[in-house]
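# Overview (structure and organization)
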Amino acid sequence: MGLLKYILKRLVTIFISLVVVIVITYILMYLAPGEFFNINAFSASAGKVSTLTPEQLQILIKGFEEKYGLNVPLWKQILNYLGDAFRFKFGPSFSNPNEPIEVQIARRFPVTFTLAILSIALALIIGIPLGVISALKRNTWIDYTTTFVAMIGSMFPAYLIGVILVIIFSIYLKVLPTSGWETPKQMILPVVTVALAPLATIARFMRSSLLDVLNQDYVRTAYAKGGTERAVIIRHALRNSMIPIVTIIGPQLAILFTGTVWIENLFRVPGLGQLFVNAAAQRDYPLLVTSTFILSLSVMFMNLLVDIIYAFLDPRIKYE
């Protein structure tokens, strides 16, 4: 019952947070210079519209504003959008008026989701063993090497690492393609690029967490009772040292969902991030605000899921 009450409270918090995010996004877009309906962007998107007279062009623009509800006050635009957004009805975008935004997102979101999940899975599969080995081999060359690799992964931004990987594996070694998302081979560089930063963070947290647990009294008691090192670490130390790892997975997933924006453009991955960047460049406001809505909703639900997992890892945690 306590968990259900906690989830309901968090859902209310998520709803309020989404409203705040949408309001801020609308205000920033309203204050930002430039708009989709300026002559250059409108002429480029409409093809032969440049042959129209200024009066005909103004009539056409007025028709577009009425179609997208831009002829009403900003507060009313926000209310109209929120009413539709929570029913997952986002209407058409400026740049692609023949296809609803929810259809465009439904086609691209699985790509971004797959990229983020594969990256965090790779980071966990490699990062946790590295952290464990580093803690068990403390102050040895293995520990120093692992710490150095973790520092490198944390220091350099993902897009710079992506460029370096392309130069090494695509240009010089010619073993991996530079872009695309259709084959497993094309997925390797984007996934590795996105995974390196969380891998480094997970390895560092795992090392410090396991070292802390190994100094606890109950671990020394387990050794005193005759437990082997392997049994004590697996049965007593490892599970408790995993709780801080779960703590950082939520923020790491949030970083991955937003961080894939640049990686998707670098490797031409047809995901939500590329859609977001194109929307921002074209001042496609319906698509831009909806991308923000979907990314924010994904991050908040991921954090909620991580918080719920706490209770299963540590029975001492109670949700009131």
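## A short note on the environment of valine 306
Inspection of the secondary structure assignment puts valine 306 in helix α13 (residues 285-313). Relative accessible area serves as the criterion here: at 7%, valine 306 is assigned to the buried category. Remark: the alpha-carbon pair of valine 306 and threonine 247, spanning 59 residues in sequence, is separated by 7.1 Å. The residues touching valine 306, leaving out its near neighbours within four places in the chain, are Val246, Ile249 and Gly250.

## Quick notes on the packing of helix α5 (residues 101-136) against helix α6 (residues 141-155)
Closest axis-to-axis distance for the α5/α6 pair is 8 Å, and the angle between their directions is 140°. Taken together, the axes of α5 and α6 are oblique relative to one another. Note that α5 runs across α6; the crossing there is left-handed. For the pair α5 and α6, contact is made by Leu130, Ile133 and Ser134 and by Ile142, Asp143, Thr146 and Thr147, respectively. Residues belonging to the contact of α5 with α6 are distributed by class as follows: 3 nonpolar, 3 polar and 1 charged.

## Regarding unusual backbone geometry
One non-glycine residue, phenylalanine 88, adopts positive backbone phi at about 55°. Note on placement: phenylalanine 88 falls in the loop between α4 (74-85) and α5. The residue arginine 268 is not glycine, and still its phi comes out positive at about 50°. For arginine 268, the position within the fold is in the loop between α11 (243-266) and α12 (272-281).

## Details of the packing of aromatic side chains
Within this structure, the stated rule accounts for 8 aromatic pairs. Residues phenylalanine 15 and phenylalanine 86 carry aromatic rings whose centres are separated by 4.8 Å and whose planes lie at 40° to one another, so their mutual orientation is tilted. Pair noted here: phenylalanine 15 is in helix α1 (residues 2-31) and phenylalanine 86 is in the loop between α4 and α5, with a separation of 71 residues, a long-range link. For phenylalanine 15, a relative accessible area of 43% puts it in the partly exposed group. An aromatic cluster is built from Phe15, Tyr26, Tyr81, Phe86, Phe88, Phe90 and Phe293, whose rings are joined through pairwise contacts.

## Points about α1
Its 30 residues place the ends of α1 44 Å apart at the C-alpha level, agreeing with the 44 Å of an ideal helix rising 1.5 Å per residue. Taken together, the buried positions of α1 are occupied by Tyr6, Arg10, Ile14, Leu18, Ile22, Thr25, Tyr26 and Met29.

## Section: the pattern of salt bridges
For the structure on display, the rule yields 4 salt bridges. One salt bridge connects arginine 207 with aspartate 143, and the closest N-O pair in it is separated by 2.8 Å. A residue pair is termed long-range when its members are at least 10 positions apart, and arginine 207 in helix α8 (residues 184-214) and aspartate 143 in helix α6 qualify at 64 residues. By relative accessible area, arginine 207 is classed as partly exposed at 22%. Looking at aspartate 143, the relative accessible area reads 1%, which means it is buried. The partner of aspartate 217 in a salt bridge is arginine 220, and the shortest N-O contact between them spans 2.5 Å. Pair noted here: aspartate 217 and arginine 220 are both in helix α9 (residues 217-224), with a separation of 3 residues, about one helical turn.

## Overview of the packing of α8 against helix α10 (residues 229-241)
Two measures define how a pair of helices packs: the angle their axes make with one another and the distance between the axes. One way to put it is that α8 packs onto α10 with a least axis distance of 8 Å and a crossing angle of 125°. Put simply, α8 runs oblique to α10. Pair α8 / α10 crosses with right-handed handedness. Between α8, through Met206, Ser209, Leu210, Val213 and Leu214, and α10, the contact on the second element is made entirely by Ile233, His236, Ala237, Leu238, Asn240 and Ser241. For the contact of α8 with α10, a count of residues per class yields 7 nonpolar, 4 polar and no charged.

Analysis parameters
Residues numbered from 1 in each chain as written. Predicted model: local features only at pLDDT ≥ 70, side-chain atom pairs only at ≥ 80, totals over all residues. Heavy atoms only, no water. Helix = DSSP H or I, 4+ residues; strand = E, 2+ residues; numbered from the N terminus. Buried < 20%, exposed > 50% of the residue type's maximum accessible area, 1.4 Å probe, protein only. Contact = heavy atoms within 4.5 Å. Axes fitted to C-alpha atoms, helices over the stretch in contact; angles between N-to-C directions. Parallel < 35°, antiparallel > 145°, perpendicular 65-115°, else oblique. Left-handed = near helix turned anticlockwise from the far one by under 90°. Nonpolar A, V, L, I, M, F, W, Y, C, P; charged D, E, K, R; others polar. Phe/Tyr/Trp six-rings, centres within 6.5 Å; stacked < 30°, edge-to-face > 60°. Expected span 1.5 Å × (residues − 1). Salt bridge = Lys/Arg side-chain N within 4 Å of Asp/Glu carboxyl O.

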